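Take a look at the letters that make up each chain.
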Amino acid sequence: MKLQNKFTRKMATVFSVLMIAGVVSACSPEVGSEEWCADLKEKPKGDWTANEAADFAKHCLF
């Protein structure tokens, strides 16, 4: 019985973490989309990461 309770708790914890990760990742627009480009244009260029700058140039300028 104790082993089953530990397993159930671990599975509930894993499920909770995956759900939270899904909710958080669903909040940001897809890289390269019009919404993403607009969001990045509003963000100060000094706060952009190198990856964001490269993706912006690739998807929003060309």
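Rules behind the numbers
Residues numbered from 1 in each chain as written. Predicted model: local features only at pLDDT ≥ 70, side-chain atom pairs only at ≥ 80, totals over all residues. Heavy atoms only, no water. Helix = DSSP H or I, 4+ residues; strand = E, 2+ residues; numbered from the N terminus. Buried < 20%, exposed > 50% of the residue type's maximum accessible area, 1.4 Å probe, protein only. Areas by Shrake-Rupley, 256 points an atom, 1.4 Å probe, with all protein chains shown as cover. Disulfide = S-S within 2.5 Å. Salt bridge = Lys/Arg side-chain N within 4 Å of Asp/Glu carboxyl O. Axes fitted to C-alpha atoms, helices over the stretch in contact; angles between N-to-C directions. Parallel < 35°, antiparallel > 145°, perpendicular 65-115°, else oblique. Left-handed = near helix turned anticlockwise from the far one by under 90°. Contact = heavy atoms within 4.5 Å. Nonpolar A, V, L, I, M, F, W, Y, C, P; charged D, E, K, R; others polar.

Peer 1: For this particular structure, what's the right way to read the overall build of the chain?
Peer 2: Regarding its fold elements, the chain presents three helices and zero strands. Along the chain, helices and strands appear, N-terminal first, in the series α-α-α. Across the 62 residues that make up the chain, the buried fraction comes to 10%. About 5,500 Å² of surface is accessible on the chain, with carbon and sulfur atoms providing 63% of the total.

Peer 1: Where do I start with the state of the cysteines in this structure?
Peer 2: A covalent bond between the sulfur atoms of two cysteines is what we call a disulfide. Going through the model one piece at a time under the given rule, you end up with one disulfide. Here Cys 37 pairs with Cys 60 through a disulfide, and the sulfurs are 1.8 Å apart. With the S-S bond torsion at -80°, the cross-link from Cys 37 to Cys 60 turns out left-handed. Within this pair, whereas Cys 37 is found in helix α2 (residues 34–42), its partner Cys 60 is found in helix α3 (residues 50–61), the two being separated by 23 residues in sequence. Under the relative-accessibility criterion, Cys 37 is labelled buried at 8%. The class of Cys 60 is partly exposed, set by a relative accessible area of 22%.

Peer 1: Help me out: how do you make sense of the pattern of salt bridges in this one?
Peer 2: Where charged atoms from two side chains of opposite charge approach closely, those side chains can pair. Per the counting criterion, the structure on display carries one salt bridge. Glu 52 serves as the salt-bridge partner of Lys 43, at 3.1 Å between the closest nitrogen and oxygen.

Peer 1: For this particular structure, what's the right way to read the packing of α2 against α3?
Peer 2: Angle between the axes and distance between the axes: these two values describe a pair of packed helices. With their axes 11 Å apart at the nearest point, α2 and α3 run at an angle of 130° to one another. With respect to each other, α2 and α3 are oriented oblique. For the element pair α2 and α3, the recorded crossing hand is left-handed. In this structure, α2 contributes Trp 36, Cys 37, Leu 40 and Lys 41 to the contact, and α3 contributes Glu 52, Asp 55, Phe 56 and Cys 60. Considering only residue class, the contact of α2 with α3 consists of five nonpolar, no polar and three charged.

Any functional reading would require information beyond the geometric quantities listed.
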